[in-house]
Amino acid sequence: MTNSIGIPAQAHGVIALTASACTSCMICVRECPAWCIELESHDEEVTEPGARRPRTVSVLDAFTIDFGLCMYCGICVDLCPFDALAWQPDFDYAAGSPSGLVQGINELESWGKSRE
Amino acid sequence: MRNIDTALWADEFRELLARGFHFFDFLTAYERDSQLEVIARVVNPENKQSQLLATLIDPNRGAVTSIAITYRGAVWHERETAEMFGIYFVGLVDERPLLRRSLLGSPPMLKSTVLAARMLKPWPGQPSHRKQQPIGVAEDWLQV
Ligand code: SF4
Ligand code: SF4
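Remember, predicted model here, so these are calculated numbers, not experimental data.

1. Concerning the environment of A:Ser99
Then, in step 1: Within the secondary structure, A:Ser99 is located in the loop between β4 (85–88) and β5 (102–103).
Then, in step 2: A:Ser99 sits 31 residues away from A:Gly68 along the chain, and the two C-alpha atoms are 8.1 Å apart.

Here it is as structure tokens:
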């Protein structure tokens, strides 16, 4: 399958994040050879109905990938145990300054959505 | 991949050219277990066969004969390998650095070299409750 200009759907254009799947385990952050992923999270206690004790879960506050440093090796996508990171064929995210290539949760979540 | 004695490296490529391996593909180096190896690949365009050769660099000499007389396209690769790994190519006519502004300091592709970028920016993966070493940096390196 290709998109309107013939880019294959499985092309490594950009990395998309599914924030709801991310457990803030930090594996991608630690393994990234370019040190270009950063995340912040905090712990929250949730009590599920019927559970005897509350459970501690990590809540993602911030997640950024600096595509100015990323070398598109795909290690983060391969290693994420929760499939929260995935390649998307989108490539049109050039920026006028290096800081424009640092993408947060909103931008990272948007990739792939418009073409679904 | 064929392992070649460093002393025979240039001769081997002369012979390959004579045998029809006219196309020079690439040359680079890599570091394994603290030893440097230079590898290069050439292709015979007639029968589509290729040869991948490697030679272990003697750490005391840190040098190998240039193959750029035989394969002119190797100049770029040898210049890059020289500046990135600190390997000296004997007979390489063009020793200007390609990507580095100066050849002072430790060659950046050696695992023992701590890159300036690694000193300036704290490792984003550092756990808050204990010290952990980032992957792929020198053992005695730790951000203070
Ligand atoms: S693709 Fe590689 S360099 Fe880019 S964020 Fe993932 S691990 Fe880091
Ligand atoms: S490896 Fe996956 S689940 Fe873990 S922090 Fe990274 S994106 Fe989130």
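Back to the write-up after that little detour.
2. Focus on the site of ligand 1
Then, in step 1: Near ligand 1 lie 13 residues; those nearest to it are A:Cys32, A:Cys70, A:Cys73, A:Gly74 and A:Cys76.
Then, in step 2: Looking at the shell around ligand 1, its residues break down into 12 nonpolar, one polar and no charged.

3. Let's talk about helix α1 (residues 9–18) of chain B
It helps to recall that an α-helix has 3.6 residues per turn; residues three or four apart then point in one direction.
All names here are of chain B.
Then, in step 1: Among the residues of α1, those classed as buried are Trp9, Ala10, Glu12, Phe13 and Leu16. Angular distribution of buried residues about the axis of α1 spans 155°; they occupy a single face of the element.
Then, in step 2: Those residues of α1 that are buried lie in contact with β1 (2–3), β2 (23–32), β3 (35–44), β4 (49–56) and β5 (63–65).
Then, in step 3: Gly20 occupies a position one or two residues after α1 and carries a positive phi of about 100°.

4. As for the interface of chain A and chain B
Reports of interface size often rely on the accessible area that becomes lost once the parts have come together.
Then, in step 1: Opposite the 10 residues of chain A that make contact, chain B presents 12 residues.
Then, in step 2: Carbon and sulfur atoms make up 57% of the area that chain A and chain B hide from each other, which totals about 930 Å².
Then, in step 3: The largest per-residue losses of area from chain A upon contact with chain B belong to A:Arg30, A:Trp35 and A:Glu38, which jointly make up 74% of the total buried on that side.
Then, in step 4: Applying the counting criterion to the chain A and chain B interface returns one salt bridge.
Then, in step 5: At the junction of chain A and chain B, the tally comes to three residue pairs in polar contact (both at pLDDT 80 or more).
Then, in step 6: Those elements that provide at least two residues to the side of chain A that touches chain B are α1 (27–31) and β2 (37–46) of chain A.
Then, in step 7: When residues in the side of chain A that touches chain B are grouped by element, the largest group, three residues, is from α1(A).

Conventions adopted
Residues numbered from 1 in each chain as written. Chains lettered and ligands numbered in written order. Predicted model: local features only at pLDDT ≥ 70, side-chain atom pairs only at ≥ 80, totals over all residues. Heavy atoms only, no water. Helix = DSSP H or I, 4+ residues; strand = E, 2+ residues; numbered from the N terminus. Near = heavy atom within 4 Å. Nonpolar A, V, L, I, M, F, W, Y, C, P; charged D, E, K, R; others polar. Buried < 20%, exposed > 50% of the residue type's maximum accessible area, 1.4 Å probe, protein only. Arc of directions from axis to C-beta. Contact = heavy atoms within 4.5 Å. Buried area = accessible area lost by both parts, 1.4 Å probe. Salt bridge = Lys/Arg side-chain N within 4 Å of Asp/Glu carboxyl O. Polar contact = N/O pair within 3.5 Å; in protein donor to acceptor, adjacent residues only side chain to side chain.

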